[in-house]
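An overview of the molecular structure
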Amino acid sequence: MEYSEIMVRYGELSTKGKNKKDFIKQLGHNVRKALSEFDGLEVRAQHDRLHVTLNGADSTAVMDRLKGEFGIENFSPSVKVDKDIDAIKATVLALAQADFKPGMTFKINTRRQDKSFEYDTYQLNDILGSHVLENVPGIQVKMKHPDLEIRVEARMNGVYISGQTIPGAGGLPVGTGGKAVMMLSGGIDSPVASYYGMRRGVKLDMVHFYSPPYTSEQALAKAKELTAKLAKYSGGIQFIQVPFAKIQETVKESVPEGYLMTIQRRMMLRLAVAVAHMRHAKGIFNGESLGQVASQTLESMEAINDVTTMPILRPLLSMDKTEIIKVAKNIDTYDLSILPYEDCCTIFTPPAPKTRPDLEKSRKYEKHLDVEGLMKEALDGITITEIRPGDNFLNQNEDVFAELL
Ligand code: ATP
Ligand code: MG
């Protein structure tokens, strides 16, 4: 079937009252950006629908992109025909024949925006339904949950016909929820947390701590490659790498082993907050899940959170690891996340970190550190990279996968 447009239905934003306009504008902007490589394509964001006129562009490739856009409830590839009953009948029949399987059920669902169109919705349902029944032997009408629902919309500029409704990514358009900093490691959890943050409309800047020479070039490349995967949902993402080795060495020299992890995390959080201030971001996202490991107990969160009043958002807080892994596989970050490159935290984590660190002790052990000086040095060493969807950083990809097998 040669489609002329993709009709996009909005998700939650249709209930957002006075913010609705901004939401629609943002979604239109995001969709235009996501589809910018397709020549001749037109995107019109109207109050009830968004229309992507294909003008010959490949509908499958366009729909693939739309699947990654937050704020879309579902969409339908549609064929536009003139307001001529014979043309409408022919297209409706072609849709029913194209998908026909023995025992198939269908229904016709019509809407009439152009009230001057000579047939009303009852007449259209009747004429089109009868036409299909007469010409497709064995097909049956079913009102509730038919196998095929053919939607027919008579609009001012023509009649739009579609036989498929494809689920969108849901959520809110990225950009409508402001901006935050995401603490992105190379693990399984933080990419999934990023996905959920973006899904609520938040534009994320990635902050990644790396520790050469203790961590490899590949560990850094892996975090960037994960960002490229996530950029699919939000357009370009700024990747901010912060050198962390000097802080880890210094902490290791002066802090008792049981508190190494807590103090390192306090430093990480302080740096993430400093980056957030620099970039006018209003919150910090991370991939913590309550009780998953030593640093993710309530006591530990209290001891680490102590360094800031900025909101810390933890989309995975109450999720089980198995659920998180499932999402990681769905969003295609899992295979990258399990590549065996050591993260900065793995290397300086003592064998037995305190699972219930004490807040006062954390503050006390930190007194020996030149917190300001260490932070300044790390922030001076920041590098920022703009990462686009599909960018590649791990060029030895194939070798590494081969080793894993
Ligand atoms: P992940 O799979 O996200 O690494 P994890 O279960 O391994 O999570 P931790 O290593 O304890 O958990 O990290 C908890 C959170 O701290 C991470 O989800 C991430 O948000 C942040 N974090 C850890 N390491 C780094 C890093 N090198 N750079 C940036 N953020 C980090
Ligand atoms: Mg980790």
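Quick notes on the rules
Residues numbered from 1 in each chain as written. Chains lettered and ligands numbered in written order. Predicted model: local features only at pLDDT ≥ 70, side-chain atom pairs only at ≥ 80, totals over all residues. Heavy atoms only, no water. Helix = DSSP H or I, 4+ residues; strand = E, 2+ residues; numbered from the N terminus. Buried < 20%, exposed > 50% of the residue type's maximum accessible area, 1.4 Å probe, protein only. Contact = heavy atoms within 4.5 Å. Areas by Shrake-Rupley, 256 points an atom, 1.4 Å probe, with all protein chains shown as cover. Lys, Arg positive; Asp, Glu negative; His and termini not counted. Charge placed at Lys NZ, Arg CZ, Asp CG, Glu CD. UniProt positions renumbered as here; feature names shortened; annotations may be inferred. Near = heavy atom within 4 Å. Polar contact = N/O pair within 3.5 Å; in protein donor to acceptor, adjacent residues only side chain to side chain. Nonpolar A, V, L, I, M, F, W, Y, C, P; charged D, E, K, R; others polar. Domains from an automatic or database assignment. Buried area = accessible area lost by both parts, 1.4 Å probe. Salt bridge = Lys/Arg side-chain N within 4 Å of Asp/Glu carboxyl O.

On a plain count of helices and strands, the protein comes out with 15 helices and 15 strands. In terms of overall dimensions, the protein has a C-alpha envelope of 85 × 50 × 40 Å along the principal axes. For the protein, the proportion of its 405 residues judged to be buried stands at 52%. By sequence separation, contacts in the protein at least 24 residues apart represent 80% of the contacts at least 6 residues apart. A total of about 19,300 Å² of accessible surface is found on the protein, and carbon and sulfur atoms cover 49% of it. The distance from the centre of the 51 positive side-chain charges to the centre of the 53 negative ones in the protein is 6 Å.

Here, UniProt's "binding site: ATP" (unreviewed entry) annotation points to Met-183, Leu-184, His-208, Phe-209, Arg-265, Gly-287 and Gln-296. Along the polypeptide, His-208 turns up in strand 11 (residues 203–210). Since its relative accessible area comes to 3%, His-208 is described here as buried. Residues in contact with His-208, not counting those within four places in the same chain, are Leu-184, Ser-185, Gly-186, Ala-219, Leu-220, Ala-223, Phe-239, Ile-240, Gln-241, Val-242 and Asp-343. Accessibility expressed as a relative area gives 5% for Phe-209, which makes it buried. Once residues within four sequence positions are removed from consideration, Phe-209 is found in contact with Met-183, Val-242, Phe-244, Met-268, Leu-271, Ala-272 and Cys-344.

This brings us to the site of ligand 1. As a structural note, the neighbourhood of ligand 1 is formed by 21 residues, with Met-183, Ser-185, Asp-189, Ser-190 and Gln-292 the closest of them. A distance of 3.1 Å is found between an oxygen atom of ligand 1 and a side-chain nitrogen or oxygen belonging to Gln-296. Considering ligand 1 on its own, with 570 Å² of exposed area, one finds that the protein chains cover 90% of that surface. For the shell around ligand 1, the elements supplying multiple residues, two or more each, are helix 5 (189–199), strand 11, helix 8 (260–278) and helix 12 (344–348). When residues of the shell around ligand 1 are assigned to their parent elements, the largest contribution, three residues, is made by strand 11. A per-class count over the shell around ligand 1 returns nine nonpolar, nine polar and three charged.

When its domains are assigned, the protein resolves into domain 1 (5–170) and domain 2 (179–401). The C-alpha centroid of domain 2 is placed 42 Å from the C-alpha centroid of domain 1. Taken residue by residue, the interface counts six residues in domain 1 and seven residues in domain 2. When domain 1 packs against domain 2, the two sides together hide about 610 Å² of surface, and 50% of this comes from carbon and sulfur. The largest contributions to the domain 1 side of the interface with domain 2 come from Lys-33, Gly-68 and Phe-70, which together make up 67% of the buried area. Linking domain 1 to domain 2 there are zero salt bridges.

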